[in-house]
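Report on the structure
In case you want the letters, here they are:
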Amino acid sequence: MEGRIEPVDTDFIRKHWEESWWMPVVSIDRTYSPEDVEGLAWRDEWGEPQGLITWHVEGDHAEIVSVDAYQQGRHIGGQLLDGAEAELRRRGVRRATIVTTNDNLRAIAFYIRRGYRIVRVALDDMDRVRKLKPKVPLLGNDNIPLRDMFELEKDLTEETSGRSHGILEGTRPESFS
């Protein structure tokens, strides 16, 4: 897909979050408003936004706060994540975390393929989220009860990028054969 990644301002983030996330965006350790984050958008060849990624930096750690590809299966999310990680590395960030919910199996697999590891599970944390955002449903993707939050982490000092992370694609360890 042809297009470009470019920085976005707080107004762009606010508009998207109001439409997609119901503010504030709630993580395991804190909540975020658009003023708390920076972001990049993926724009197609006509200049239309097709995705957004946002993050918050504290020292050498960044939390990826939101990742949205407006169309699935076009590698927009991967390009946004690569762009954000490159910018974070440029700034000296050594570790990135990302939080998602237990029903978001597609996202969990996506992050793991890209070198993230599950480091924490906040059991029943969606009850806390619902106190702040009552619109959050009880059932998520594929009618999976929406209960827990998973935190994944990646060491940005490693030189891997993209999908393979040093593993030959299409191969499986012998123990899985």
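Residues numbered from 1 in each chain as written. Predicted model: local features only at pLDDT ≥ 70, side-chain atom pairs only at ≥ 80, totals over all residues. Heavy atoms only, no water.

Brief notes about the overall build of the protein
What counts here: Strands are runs of DSSP state E lasting at least 2 residues, helices are runs of H or I lasting at least 4, and numbering of each runs from the N terminus. Only protein chains enter the accessibility calculation, which uses a 1.4 Å probe. A residue is then buried if its area is under 20% of the maximum for its type, exposed if over 50%, and partly exposed in between.
Counting secondary structure elements, the protein contains four helices and nine strands. Of all 177 residues assigned to the protein, the portion counted as buried reaches 43%.

Considering the pairing of strand 7 (residues 95–101)
The line we're drawing: Paired strands, in this sense, are two strands between which DSSP finds at least two bridges.
In terms of burial, strand 7 is largely enclosed, as six of its seven residues are buried. Pairing analysis gives four bridges linking strand 6 (residues 61–69) to strand 7, with the strands arranged parallel. When the bridges of strand 7 are listed, E63 appears paired with T97. Bridge count between strand 7 and strand 9 (residues 149–155): seven bridges; the pairing is antiparallel. In the sheet register, T100 faces strand 9, and the bridge partner there is F150.

Considerations on a nonpolar patch on the surface
The condition is simple: A patch consists of residues whose relative accessible area exceeds 30% and which take part in no salt bridge; residues with like charges are grouped when within 9 Å of each other, and nonpolar side chains (Val, Leu, Ile, Met, Phe, Trp, Tyr) when within 5 Å. Accessible surface is estimated by sampling points in the Shrake-Rupley manner with a 1.4 Å probe; for residues, cover comes only from the protein chains shown. Any carboxyl oxygen of Asp or Glu within 4 Å of a side-chain nitrogen of Lys or Arg constitutes a salt bridge here.
A contiguous nonpolar patch, built from I112, I118, V121 and L123 and spanning about 360 Å² of accessible area, is present on the exposed surface. Checked against the element boundaries, I118 lands in strand 8 (residues 117–122).

Details of the nonpolar core
So the rule is basically this: We define a nonpolar core as any set of buried Ala, Val, Leu, Ile, Met, Phe, Trp, Tyr and Cys residues linked to one another through side-chain atoms lying within 4.5 Å. When checking whether two residues touch, look at their non-hydrogen atoms; a contact exists if any pair is within 4.5 Å.
Residues I53, W55, I64, L88, I98, Y111 and Y116 are the most contacted members of the largest nonpolar core, which totals 23 residues. Those elements that place two or more of their residues in this core are strand 4 (38–44), strand 5 (49–58), strand 6, helix 2 (76–90), strand 7, helix 3 (105–113) and strand 9. With five residues, helix 2 is the largest single contributor of residues to this core. Setting aside residues no more than four positions away along its own chain, Y116 makes contact with I64, L81, E85, A96, I98, Y111, L152, E153 and K154. If you look at the next biggest cluster of nonpolar residues, it comprises 10 residues, including V8, F12, W17 and A41.

Quick look at the pairing of strand 9
In terms of residue burial, strand 9 counts as a mostly covered element, since five of its seven residues are buried. Bridge count for strand 8 against strand 9 is five bridges, and the pairing is antiparallel. The residue of strand 9 that forms the bridge with R117 is E153.

Here we look at the sheet that holds strand 1 (residues 3–8)
The test is simple: The axes are straight lines fitted to the C-alpha atoms, using for helices just the contacting stretch, and the angles between their N-to-C directions are given from 0 to 180°.
In spatial order, the strands read 1-4-5-6-7-9-8; together these seven strands make up an open sheet with mixed pairing. Unpaired on one side and paired on the other, strand 1 and strand 8 mark the two borders of the sheet. Each adjacent strand pair in this sheet contributes to an overall mean axis angle of 25°, direction not counted. Against the sheet, helix 2 contacts strand 1, strand 4, strand 5, strand 6 and strand 9, and its axis sits at roughly 30° relative to strand 5.

A closer look at the environment of V8
Note that V8 resides in strand 1. Put simply, V8 and L40 are 32 residues apart on the chain and 5.5 Å apart in space, counted from C-alpha to C-alpha. Once you skip the residues sitting within four places of it in the chain, V8 turns out to touch I13, G39, L40, A41 and L52.

Comments concerning the packing of aromatic side chains
Note on aromatic pairs: each is described by the distance of the centres and the angle between the planes. Inclusion rule: Stacked, tilted and edge-to-face are the three classes assigned to paired rings of Phe, Tyr and Trp, where Trp is represented by its six-membered ring and a pair needs centres within 6.5 Å; plane angles under 30 degrees give stacked, over 60 edge-to-face, the rest tilted.
For the structure shown, the criterion picks out two aromatic pairs. Ring plane angle 65° and centroid distance 6.0 Å describe the contact between Y111 and Y116, whose orientation is recorded as edge-to-face. Residue Y111 shares its accessibility class with Y116, and that shared class is buried. Chaining the aromatic ring pairs together yields one cluster made of F110, Y111 and Y116.

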